[in-house]
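Per-entry structural report
Next come the chains, spelled out residue by residue.
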Amino acid sequence: MWLVFKKELLELLRDRKTLFFMIALPLLLFPLIFGAFGFFASKAVKDAETKVLKYAIVGSEYAPGLSASLAEASDKFERVEVAADADFKQLIRDETIDFALKVPSNYDQPVLEGGQATLVLVLNDAGLNMVQSRIKELIDSQIEDKRRQAFDALALSDLQQAGLLKPVVIEKEDVADSRENWGEKIGGFLPYILFLLCLQGAMYPATDMGAGEKERGTLETLLISPTERYKLVLGKFLTIAFAGVTCALMTILSMAVWGVVLSQGMAIKVVGEFMSAISVLDFILMFLMLAPIAAIFAALLLSLSIYARSFKEAQSYMGSLIMVAILPIVMAMMPGVDLKGGWAWVPITNVALAIKELIKGTMDYVSLFAIFGSTVLIAGALIAFCVYWFNQEKVLFR
Amino acid sequence: MIEIKGLAKKFVVENVKKLSDQEKQDPRLKGRFFHSVEDVNFNCDKGQVLGLLGPNGAGKTTTLRMLSTAIKPTAGSVSINGVDILAEPLIARRKIGFLSGSTGLYGRLTGRENIEYFGRLHGVSESDLKYRIDELANLLDMQSFLDRRSESFSTGMKQKTSIARAVIHQPEVVILDEPTTGLDIMATQTVLDFIRRLKAQGTPVIFSTHHLDEVDELCDKVTVIDKGRTCFDGSLQDFKALSAGSMHESFLTTIKGAA
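Residues numbered from 1 in each chain as written. Chains lettered and ligands numbered in written order. Predicted model: local features only at pLDDT ≥ 70, side-chain atom pairs only at ≥ 80, totals over all residues.

1. Observations concerning the interface of chain B and chain A
Across the contact, 21 residues belong to chain B and 17 residues belong to chain A. Only helix H3 (89-95) and helix H4 (111-121) of chain B provide two or more residues apiece to the side of chain B that touches chain A. If one sorts the elements of the side of chain B that touches chain A by residue count, H4(B) sits on top with four residues. Its residues assigned to classes, the side of chain B that touches chain A comprises 10 nonpolar, seven polar and four charged. (Contact = placed C-beta atoms within 7 Å. Helix = DSSP H or I, 4+ residues; strand = E, 2+ residues; numbered from the N terminus. Nonpolar A, V, L, I, M, F, W, Y, C, P; charged D, E, K, R; others polar.)

Written out as structure tokens, the structure is:
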């Protein structure tokens, strides 16, 4: 059995193509994609923040303070003179201006006299822009002034002022700690990536070791060697499962490392805190849960692969397997699906849910045994089927 | 000594309608079963070389696959030096060296690694393995390419490696399925010399072929199979004596006799 495992692994490692997909791709491509995404996103935000905005203002005579502060910030805003009755929509579409402000006549009156003032901001709000938040920055100080003026006129104490501004405040006391909070967010996603990568990583070697061996004509020679059939199957099976787990772990590891590298500063602290909240035991348990899943995938893939007449046929079978496998994993990501009730009995889904619970730190360790046990049982049955399958002439010599 | 008696193998036909007209007319098709091999008998003694002849589709490869234990016969018996290969396939496999007609190599392993892998599967010890590979490489003239990846091998190199792989465990019987098909003249000669050497060592060799000159050159015995049945089994002299002319005529006589 180890002989077969060793040889298959050697052959796998000799194959540049597999190595590339298994190691280079997750190590380099994922951070590259995320990095590029982050870079362009932050660049776009920065552009929107620093861009000089062209504006038109109607009724500036009602708000000398506002128009003065707009004119002052000439590195941020640039005034364009337009007629009071101009078509702002058209001007914005022509990119003559970025936004227009319509100042009401009561803008500079004290609140107690003029009441609420409605400042109209005309802009194209589709797409990323920071117009509103940048205008708000300027206006905030004026709002503050207006409030102070009114409070002074009414001669209110600080207490009364605060009460008037927010008569009732809701203070949230979250019993979930930050781990549970983050766990809910990441926890659903992690098993999804983990399982799919595991399947992905196992797929190529599985094709190669079943259908590939048939196609090359080495299978017959292998079958007549004086080795029990189950040893051959287990050797192949182990290689496939090993490849799947390696692929999944490598990717997760690279994502974690790159994530820490890329999100410097504050994020590091959050990630660090989050990671340290999860105990070593939980990590080991997560890995243990992954093992029977990898076994299930490997056994399924090997059965399909040995049934197929050729590489091509095997690949099309496996394409459908991905569709089937993705369903229970997506199930675990849906809100409201948790380990209570029936979902605990759905294979693969229950493991995904258990991993999520482990990350959140809310795992009921007793049910973990049940899930682990049942998954191991399924994996064992599938391996047994694989061995049976390898003994069928109609499968081997199709 | 290998003895085959009443060997038969039937396959389930999944969809009879899909078969070609020619296949439907084959008398071996009975209902849902295709009796690929119906009754094959022959034996091969120590130091003998047996040539297995027959038209395409006669059941030669199926017969040889049954001898190699790759597939199980429906009926009949095969025994090698008194060991029933059907009852004890694991023991029998150690005694058989089989070269399949459609065999291949692991392309990403070198020639040596290919041979080593199967040697180890057959339980050959590491020290023996090294020595034997060296010996076979000299015999089959493989030293120049033994440590290169086998994906770049020519047909001749591949066949030599396959043959070395088939005999690495020093089998008591060697079975070769069309070992010379597709080889150039030099490679063919190496293979034929190798068979001759096995014969000199006293190892019985069974090989199937379409080249009657190879049979004439090497064989002591000839077995002709047609439509799943043995229609000639005898010595080379008897086979030649079937017709006054060439061996080709003898071959055609046996087939006609059966029909």
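2. A closer look at the environment of Met186(B)
Within the secondary structure, Met186(B) is located in helix H7 (residues 185-201). For Met186(B), a count of 10 C-beta atoms within 10 Å corresponds to the exposed category. (Buried ≥ 20, exposed ≤ 12 C-beta atoms within 10 Å, placed from the backbone.)

3. So, the nonpolar core
Formed by 66 residues in total, the largest nonpolar core has its most connected members in Ile163(B), Ala164(B), Val174(B), Ile175(B) and Val205(B). Of all hydrophobic cores here, the second largest spans 58 residues; its members include Leu197(A), Leu304(A), Leu339(A) and Ile359(A). (Core = buried A, V, L, I, M, F, W, Y, C linked by C-beta atoms within 7 Å.)

4. A word on the UniProt feature "transmembrane region" (unreviewed entry) in chain A
Annotation from UniProt places "transmembrane region" (unreviewed entry) at residues 20-41, 237-263, 283-304, 316-336 and 366-390 of chain A. Helix makes up 86% of residues 316-336 of chain A and strand 0%. Its end C-alpha atoms lie 34 Å apart. (UniProt positions renumbered as here; feature names shortened; annotations may be inferred.)

5. Let's talk about the pairing of strand E1 (residues 2-12) of chain B
Where E1(B) meets strand E5 (residues 75-80) of chain B, five bridges bridge the pair, whose relative direction is antiparallel. When the bridges of E5(B) are listed, Ala8(B) appears paired with Ala75(B). (Pairing = 2+ DSSP bridges.)

6. Some points on helix H5 (residues 126-139) of chain B
Residue and element names in this part refer to chain B. Spanning 14 residues, H5 covers 20 Å between terminal C-alpha atoms, matching the ideal 20 Å at 1.5 Å per step. Buried within H5 we find Ile133, Leu136 and Ala137. Projected onto a plane normal to the axis of H5, the buried residues spread over an arc of 100° and lie on a single side. Those residues of H5 that are exposed and angled more than 90 degrees off the buried face are Ser127, Tyr131, Glu135 and Asn138. Where H5 is buried, its residues meet H4 and helix H6 (155-167). Where H5 terminates, the next one or two residues include Asp141, which has phi positive at roughly 60°. (Expected span 1.5 Å × (residues − 1). Arc of directions from axis to C-beta.)

7. What about the packing of helix H16 (residues 349-360) of chain A against helix H17 (residues 365-389) of chain A?
Residue and element names in this part refer to chain A. Taken N-terminus to C-terminus, the directions of H16 and H17 make an angle of 145°; their axes are 10 Å apart at the nearest point. Note on packing geometry: the crossing formed by H16 with H17 is left-handed. Along its contact with H16, which presents Asn350, Val351 and Ala354, the element H17 presents Leu368, Ile371 and Thr375. Classifying every residue of the contact of H16 with H17 gives four nonpolar, two polar and no charged. (Axes fitted to C-alpha atoms, helices over the stretch in contact; angles between N-to-C directions. Left-handed = near helix turned anticlockwise from the far one by under 90°.)

8. Considering the domain arrangement of chain A
On domain assignment, one finds that chain A holds domain 1 (2-35 + 178-396) and domain 2 (50-165). Using only C-alpha atoms to locate each centre, domain 1 of chain A and domain 2 of chain A end up separated by 57 Å. (Domains from an automatic or database assignment.)

9. Quick notes on the UniProt feature "domain: ABC transporter" (unreviewed entry) in chain B
The residues that UniProt annotates with the feature "domain: ABC transporter" (unreviewed entry) are residues 11-252 of chain B. The span residues 11-252 of chain B is 38% helical and 23% strand by assignment, and the distance between its end C-alpha atoms comes to 28 Å.

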